[in-house]
Amino acid sequence: MNLNIHHSWKKYLQPEFDKPYFEELMDFVLSEYQNHECFPPKSEIFNAFNHCHFEDVKAVIIGQDPYHDVGQANGLCFSVNDGVKHPPSLVNIFKELEIDLGISYPKSGNLMPWADQGVLLLNATLTVRAHEAGSHQKKGWEQFTDAVIKTISAEKTNVVFLLWGGFAKKKKKLIDTSKHIVLESGHPSPLSANRGYWFGNKNFSETNSQLEQVGEAVIDWKLQ
């Protein structure tokens with residue numbers, strides 16, 4: 001399978017690409033896309049990396065699985081294509097942006113502008129079979145994306161990692177917290193948010209505050 005991933009990542013991730021598990025994973029993904037409807041489109045599987053180059057990474061948001069309904073997933077966690085109805089977690093992300101920064105609720109749920117500014121929107125699993133949540137879990141993607149997190153931790157400094165919910169918080173062990181900033185919160189899903197674990201976390205303003213402190217340009221979180 002052709003690895004459509006930006007060259008800035010290749011020198012850091014080549015050791016993973018060369019491992020047997022990754023070859024098996026690519027064979028599995030290719031077979032799935034040939035025999036089933038899968039998301040995101042094959043050309044967008046590595047969109048998170050192609051819109052946020054290695055040298056530009058300032059913040060990392062970790063999701064779990066791509067959206068599995070038609071037309072939603074675009075390779076960035078929590079993001080949907082222009083014109084697609086916002087899923088419940090994304091609605092709550094945008095509500096917290098309003099609470100935190102006074103940013104008005106956007107029309108589009110496409111988070112590409114965040115990625116283009118250095119926010120790596122990384123799902124732990126990068127593909128899924130249509131209408132079958134979690135169908136590509138435990139096939140090798142998690143090993144790869146854990147390696148991505150460890151590589152960022154090892155090779156960079158002062159990256160802000162946003163860990164939302166129990167699944168993402170488990171990734172904290174992969175991060176060197178002596179040289180990076182970790183912000184933890186409940187998940188933006190309605191189940192968590194309605195119990196008071198999401199709203200008011202101020203993760204967006206806190207990310208910018210942390211970036212300012214180390215002389216990095218802040219993220220413009222505003223979307224159209």
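Placed above this text is the structure.
Now for a description of the structure that goes with this document. (Residues numbered from 1 in each chain as written. Predicted model: local features only at pLDDT ≥ 70, side-chain atom pairs only at ≥ 80, totals over all residues. Heavy atoms only, no water.)

## Structural notes on helix α2 (residues 20–35)
Move 1: Taking 1.5 Å as the rise per residue, α2 with 16 residues should run 22 Å; its terminal C-alpha atoms sit 23 Å apart, in good agreement.
Move 2: For α2, the elements touching its buried residues are α1 (7–17), β1 (38–39), β4 (128–129) and α6 (141–155). (Helix = DSSP H or I, 4+ residues; strand = E, 2+ residues; numbered from the N terminus. Expected span 1.5 Å × (residues − 1). Contact = heavy atoms within 4.5 Å.)

## What about the pattern of salt bridges?
Move 1: As enumerated under the stated definition, the model contains five salt bridges in all.
Move 2: Notably, a salt bridge pairs Arg129 with Glu32, separated by 2.9 Å at the nearest N-O pair. You can see Arg129 sitting in strand β4 and its partner Glu32 sitting in helix α2, a full 97 residues away along the chain.
Move 3: Take Arg129: its relative accessible area is 21%, and that puts it in the partly exposed class.
Move 4: Between Glu184 and Lys172 there is a salt bridge, and its shortest N-O distance comes to 2.9 Å. Here Glu184, found in strand β6 (residues 181–185), pairs with Lys172, found in the loop between α7 (165–169) and β6; they are 12 residues apart in sequence, far enough to count as distant.
Move 5: Judged by relative accessible area, Lys172 falls into the partly exposed class, the value being 35%. (Salt bridge = Lys/Arg side-chain N within 4 Å of Asp/Glu carboxyl O. Buried < 20%, exposed > 50% of the residue type's maximum accessible area, 1.4 Å probe, protein only.)

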